[in-house]
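Understanding the architecture of this molecule
Residues per chain, in single letters:
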Amino acid sequence: MTWKKASVLLLTAALILVLFLVRTCRQPEPEPVAATPRPVDYIYISPYDTIFRNCADSVFDWKLLAAVAYSESRFKDSLVSDMGATGLMQIVPRTYDRMLRRMELPDTIERTNELDVRVAVFLMHEIGAKFPFVTDENEKLNFILASYNSGTGHVLDAARYARAHGMDRSSWKDVSSVLSRMNQESVYTDSVCRNGSFNAGPTLRYVRYVQNKYKEYCSLELLFRATEQLKENLYEIHNND
């Protein structure tokens, strides 16, 4: 590959990355916080990237945690919802305190942004354990996100209803179709449903939004890594000329 061709490739990748950044960064600015150093091997998403990476595990990728945080609080750690949910991950106090006990942490422990994210990760694992019949991790994530938003009760109702009526309870497509009808009396009064009527519209939109934001962050990281790789290739070509 000639120097000219390599330069064209690098400029093209850089242009794509810039255009992607312009599109994805059109979002409300987070409240001023102490900036975290930008690592050299990760794309920058928020001032809390280091926390998300520290709290991520083999199930919940750091970019997914960032997507949930953005969807919940727009990265505003001081946000308090009408329901009393607080912090980056918008966990209501009673759930937060219950998770602290499950994590064997004192309820007097200082609530920090990192602890907030760790509690959210623990909660998502707890939710996932309630859906052992969903073995596909990509499918299960939809169940977890829906339950994170609205609680597990109605999601489990929809799964039971799906199974009782010949649908696949491990398929989010089938279960979400039931959820979308959970405000219909013929559905929520079925003998397998235990939690009454439910307007699932906001929850279904939440799942789609988080998933789309997660895909966006993954694409952004891929573009970043591709550009870095092109820069390395260009450097090698230059040194070999």
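Moving on, we get to the layout of surface pockets. One number sums up the size of the largest pocket: a volume of about 700 Å³. Looking at the largest pocket, it is lined by 25 residues, and the ones nearest its centre are Ser147, Tyr148, Asn149, Ser150 and Gly151. Listing elements by their share of the lining of the largest pocket, those giving two or more residues are α3 (62–73), α4 (93–102), α5 (113–129), α6 (137–150) and α10 (201–240).

Moving on to the pattern of salt bridges. All chains considered together, the criterion is met by seven salt bridges. One salt bridge in this structure joins arginine 111 and aspartate 116, with 2.6 Å as the shortest N-O distance. Judged by its relative accessible area of 32%, arginine 111 is partly exposed. Owing to a relative accessible area of 2%, aspartate 116 belongs among the buried residues under this scheme. The residue arginine 160 makes a salt bridge to aspartate 157 at a minimum N-O spacing of 2.5 Å. With arginine 160 and aspartate 157 both in helix α7 (residues 152–164) and three residues apart, this pair spans about one turn of that helix. For arginine 160, a relative accessible area of 23% gives the class partly exposed. According to the relative accessible area criterion, aspartate 157 is buried, its value standing at 0%. Each of the salt bridges in this network shares a partner with another, and the network as a whole consists of Asp61, Lys63 and Glu221.

What counts and what doesn't
- Residues numbered from 1 in each chain as written.
- Predicted model: local features only at pLDDT ≥ 70, side-chain atom pairs only at ≥ 80, totals over all residues.
- Heavy atoms only, no water.
- 1 Å grid on protein atoms, 1.4 Å probe; cavity = no way out; pocket = protein on both sides within 12 Å on 5 of 7 lines; lining within 4 Å.
- Points joined across faces, edges and corners; volume = space filled by probe spheres on them.
- Helix = DSSP H or I, 4+ residues; strand = E, 2+ residues; numbered from the N terminus.
- Salt bridge = Lys/Arg side-chain N within 4 Å of Asp/Glu carboxyl O.
- Buried < 20%, exposed > 50% of the residue type's maximum accessible area, 1.4 Å probe, protein only.

Read these as layout, nothing more, since geometry by itself doesn't imply function.
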